[in-house]
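The residues making up each chain are set out below.
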Amino acid sequence: MQTYSSFIPKTRTLMGPGPSDVSERVLHALSRPTLGHLDPDFISLMDETKSLLQYAFKTDNALTMPLSAPGSAGMEAMFVNLLEPGDKVIVCINGVFGNRMKENAKRVGAEVICIDDPWGEQTKPEKLERALRQHPDTKAVAFVHAETSTGVRNDAKTLCQIAKSFNCLTIVDAVTSLAGIELCVDEWHIDAIYSGTQKCLSCVPGLAPISFSEHAVQTIQKRKSPVQSWFLDMNLIVGYWGEGQKRAYHHTAPVNSIYALHESLVMLAQEGLENSCQRHASMHQHLKTGLESLGLEMAVDEAYRLPQLNAVKIPEGIDDVQVRSRLLNEYDLEIGAGLGELAGKVWRIGLMGYACKQKNVDYCIQSLGRVLNR
Ligand SMILES: *Cc1c(COP(=O)(O)O)cnc(C)c1O
């Protein structure tokens, strides 16, 4: 029989679109002894994790918690809970993740109206306004705040303002934006939002922080048809993650992953949300200066460029795959490839969470300079 041995991963520097580098503090938290998932001590930790997430999302929403599944499940939870067959939803698309939102909405049987904008550009608010005038019976508007596939920030505040003036629910993907750029769930009137743990929170992958407004909660409670997904049905999940010490078993929470998320949120609270966003902005400036010194060009307009996800144009005559594999093999440095329409045209350099620091910026510029012979 073949012999097996432990898997010891190399220590890489993760500067792609996620996962980002996980700190020693978070890794230590992950390795603490597992508690029973209904142990009173674990329930207290669940409560504290919920209030830390309220801090990170800037919300008072009672229904704020991590789903026991990755960001994609967070996305699916929005659509399966808030929409019923025949409901009208507008989805703004300017990258891969907007397209996935459309796919989710279609699968719940909703009537989907798409607002398409070119990849690498912002969703145009006037297009949303026009579509809402044409479809005043729209129930919800969905868009991606930070489009990781292109490095574009959509104007969440304005898009929500428009959606609200037509009495729509707002559904927002904040997987890459949370803790990296300004995000105000209550102030901007976001009704339903999801994120991921492996981007600017720098926690291990596999959890999806989510939050629903009172309006969204009522919409879910008043559904005529049951939520098609048993696992993602919020009406059932609240019995497990809800208020008070009385919790009913729904599934077994990934106990150690919650330790890790809690630790990463404590780190965020200790640094301060505003300081975290400030750090992402200033490290982005350093990275941009370094890339330009190598003769490289940013792919996204400065006005709506994400600091935590830098799309960089691949120069003429440079072999995309060879550069990325040399960075990985010779420098243990991971950067991201272009996705979809942008495959082969851009690199995506992440500066997320714990990976967003001067040492990494310098290392990335040095390594890229050597590989490119510049
Ligand atoms: C990474 C990402 C997701 C998906 O998250 P997973 O944890 O990979 O499922 C969704 N939306 C955006 C904008 C992302 O960057």
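Small disclaimer: the values here were computed from a predicted structure and weren't measured.

Quick notes on the rules
Residues numbered from 1 in each chain as written. Predicted model: local features only at pLDDT ≥ 70, side-chain atom pairs only at ≥ 80, totals over all residues. Heavy atoms only, no water. Near = heavy atom within 4 Å. Polar contact = N/O pair within 3.5 Å; in protein donor to acceptor, adjacent residues only side chain to side chain. Nonpolar A, V, L, I, M, F, W, Y, C, P; charged D, E, K, R; others polar. Pairing = 2+ DSSP bridges. Helix = DSSP H or I, 4+ residues; strand = E, 2+ residues; numbered from the N terminus. Axes fitted to C-alpha atoms, helices over the stretch in contact; angles between N-to-C directions. Contact = heavy atoms within 4.5 Å. Salt bridge = Lys/Arg side-chain N within 4 Å of Asp/Glu carboxyl O. Buried < 20%, exposed > 50% of the residue type's maximum accessible area, 1.4 Å probe, protein only. Right-handed = clockwise from strand over helix to strand, strands pointing away. Domains from an automatic or database assignment. Buried area = accessible area lost by both parts, 1.4 Å probe. Lys, Arg positive; Asp, Glu negative; His and termini not counted.

### So, the site of the ligand
Part 1 of the reasoning: The environment of the ligand is made up of Pro70, Gly71, Ser72, Phe97, Val144, Ala146, Thr148, Asp173, Val175, Thr176, Gln198 and Lys199.
Part 2 of the reasoning: Between an oxygen atom of the ligand and a side-chain N or O atom of serine 72, the distance comes to 2.5 Å.
Part 3 of the reasoning: Measuring from an oxygen atom of the ligand, one finds a side-chain N or O atom of threonine 148 at 2.4 Å.
Part 4 of the reasoning: Counted by class, the shell around the ligand contains five nonpolar, five polar and two charged residues.

### Structural notes on the sheet that holds strand β13 (residues 346–350)
Each strand in a sheet pairs with another by means of backbone hydrogen bonds, the pair being arranged parallel or else antiparallel.
Part 1 of the reasoning: Read from one edge to the other, the open sheet built from four strands follows the order β1-β12-β13-β11, with strand pairing classed as mixed. Each end of this open sheet is capped by a strand with a single partner; those strands are β1 (13–15) and β11 (309–313). Taken over all neighbouring pairs, the strand axes of this sheet differ in orientation by 35° on average, direction set aside.
Part 2 of the reasoning: Bridging between β1 and strand β12 (residues 333–337) involves three bridges; their strand directions are parallel. Paired with methionine 15 across the two strands is isoleucine 335, which belongs to β12.
Part 3 of the reasoning: On top of the sheet, helix α12 (residues 358–371) reaches β1, β12 and β13; it is set at about 85° to β1, its chief contact.

### Let's talk about the pattern of salt bridges
Part 1 of the reasoning: Evaluation of the coordinates by the stated rule reveals 19 salt bridges.
Part 2 of the reasoning: A salt bridge links aspartate 87 to lysine 139; the nearest nitrogen and oxygen atoms lie 2.7 Å apart. Taken together, the positions of aspartate 87 in the loop between α3 (71–82) and β3 (88–93) and lysine 139 in the loop between α5 (125–134) and β5 (140–144) put the pair 52 residues apart, joining distant regions of the chain.
Part 3 of the reasoning: With relative accessibility at 22%, the residue lysine 139 sits in the partly exposed group.
Part 4 of the reasoning: Two residues, arginine 133 and glutamate 129, come together in a salt bridge whose shortest N-O distance is 3.5 Å. Here the residue arginine 133 and the residue glutamate 129 both occupy positions in helix α5, the gap between them amounting to four residues, near one helical turn.
Part 5 of the reasoning: Taking relative accessible area as the criterion, arginine 133 reaches 54% and is therefore assigned exposed.

### Some thoughts on the pairing of strand β4 (residues 111–116)
Part 1 of the reasoning: Note that β3 and β4 share six bridges and pair parallel. Following the sheet pairing, cysteine 92 is matched in β4 by isoleucine 115.
Part 2 of the reasoning: Since β3 and β4 lie parallel, the crossover through helix α4 (residues 96–107) that links them has a hand, and here it is right-handed.

### Overview of the pairing of β3
Regular strands show a simple pattern: their side chains alternate between the two faces of the sheet.
Part 1 of the reasoning: Among the six residues of β3, six are classified as buried, and the element is accordingly described as predominantly covered.
Part 2 of the reasoning: Here β3 shows two buried faces, one formed by Lys88, Ile90 and Cys92 and the other by Val89, Val91 and Ile93.
Part 3 of the reasoning: In this sheet, β5 lies alongside β3 in parallel orientation, the contact comprising three bridges. Considered in β5, the bridge of isoleucine 90 is made with valine 141.

### Remarks on the domain arrangement of the chain
Part 1 of the reasoning: Once the domains are mapped, the chain shows domain 1 (13–18 + 272–373) and domain 2 (24–269).
Part 2 of the reasoning: Relative to domain 2, the C-alpha centre of domain 1 lies at a distance of 27 Å.
Part 3 of the reasoning: Counting residues at the interface gives 26 residues for domain 1, matched by 28 residues for domain 2.
Part 4 of the reasoning: Carbon and sulfur atoms make up 62% of the area that domain 1 and domain 2 hide from each other, which totals about 2300 Å².
Part 5 of the reasoning: It is Leu273, Tyr304 and Leu306 that lose the most area in domain 1 upon contact with domain 2, and together they represent 29% of the buried surface on that side.

### Re the side chain of aspartate 173
Part 1 of the reasoning: Structurally, aspartate 173 is set in strand β8 (residues 169–173).
Part 2 of the reasoning: Notably, aspartate 173 is buried but unbridged: the nearest opposite-charge side chain belongs to lysine 199, and the N-O separation is 7.5 Å.
Part 3 of the reasoning: A polar contact is formed between the side chain of aspartate 173 and the backbone nitrogen of valine 175, at a distance of 2.9 Å.
Part 4 of the reasoning: Excluding its chain neighbours within four sequence positions, the residues that come into contact with aspartate 173 are Met75, Phe97, Met101, Phe143, Val144, His145, Ala146 and Tyr194.

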